[in-house]
Amino acid sequence: YQQHLALNIKPEHLEGSQYVFEGDEKKKTVYVRNMFFGIGTSYLSGLVVGGTWGLWEHMRTFDGSSQVLRKNHMLNSITKRGTFVGNSVAVLAVLYTASTGILGKLRDKDDIWNDVGGGAVTGGIYKSTKGVATFSKFLGIGAIGACYSIYSTEPINKGHIMLRMY
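Everything quoted here is computed from the prediction, not taken from an experiment. (Residues numbered from 1 in each chain as written. Predicted model: local features only at pLDDT ≥ 70, side-chain atom pairs only at ≥ 80, totals over all residues. Heavy atoms only, no water.)

Chemist: Give me the lowdown on the overall build of the chain, citing residues and values where you can.
Modeler: The helix and strand inventory of the chain stands at four helices and zero strands. Along the chain, from the amino end to the carboxyl end, the secondary structure elements read α-α-α-α. A fraction of 53% describes how many contacts in the chain between residues 6 or more apart in sequence connect residues 24 or more apart. (Helix = DSSP H or I, 4+ residues; strand = E, 2+ residues; numbered from the N terminus. Contact = heavy atoms within 4.5 Å.)

Chemist: Quick rundown of the side chain of Asp115? Include the residues and the values.
Modeler: Following the sequence through the fold, Asp115 ends up in helix H3 (residues 112–126). By relative accessible area, which is 3% here, Asp115 ends up buried. Looking at Asp115, its side chain comes within polar contact range of the side chain of Tyr96, at 3.3 Å. (Buried < 20%, exposed > 50% of the residue type's maximum accessible area, 1.4 Å probe, protein only. Polar contact = N/O pair within 3.5 Å; in protein donor to acceptor, adjacent residues only side chain to side chain.)

Chemist: Describe a nonpolar patch on the surface, with residues and values.
Modeler: A grouping of Trp53, Trp56 and Phe84 is seen on the molecular surface, where their side chains present a nonpolar patch of about 370 Å² in accessible area. On the secondary structure map, Phe84 appears in helix H2 (residues 67–107). Phe84 sits in the partly exposed class, given a relative accessible area of 49%. (Patch = residues over 30% accessible without salt bridge, like charges linked within 9 Å, V, L, I, M, F, W, Y side chains within 5 Å. Areas by Shrake-Rupley, 256 points an atom, 1.4 Å probe, with all protein chains shown as cover. Salt bridge = Lys/Arg side-chain N within 4 Å of Asp/Glu carboxyl O.)

Chemist: So what's going on with the pattern of salt bridges? Residues and values would help.
Modeler: Taken as a whole and judged by the stated rule, the model has one salt bridge. Close ionic contact of Glu57 with Arg81 constitutes a salt bridge, the shortest N to O distance being 2.8 Å. Of the two residues, Glu57 sits in helix H1 (residues 31–61) while Arg81 sits in helix H2, which places them 24 residues apart along the sequence. Each member of the pair Glu57 and Arg81 is classed as buried.

Below, the structure written as structure tokens:
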């Protein structure tokens, strides 16, 4: 018999169903998995962007003293900006994924309107302490941002509207 080199299994075991149990293909998306994925990737992306911002800030502001001070200033700048941006983006991801999941459970549907509503709720909650006018403005900005992200992926997916890539 011939084995698959990378997987070290027989090729006939790869044929057939891609699911472990019968009926798994009918199961709905697990929102907790989406939350962990969304929050984790948002946090890591925020750390990278914030760390880059901190490194750029270090290069711009450091006066050129000793090497020990240079390393210390660089690490302080990177950790200051990296954690700030990472935590801020992760909190927005928590709000977005939680509101999308709650809307999906309330509506008992898993479609793009959960994402639009989740974006609107996230935008509204993000600036809810600034008053009703600011709340309404960011509610609209969140909904528009969710619509943009949905329709900007349309050409990539060959005409099918898919926001979640899992």
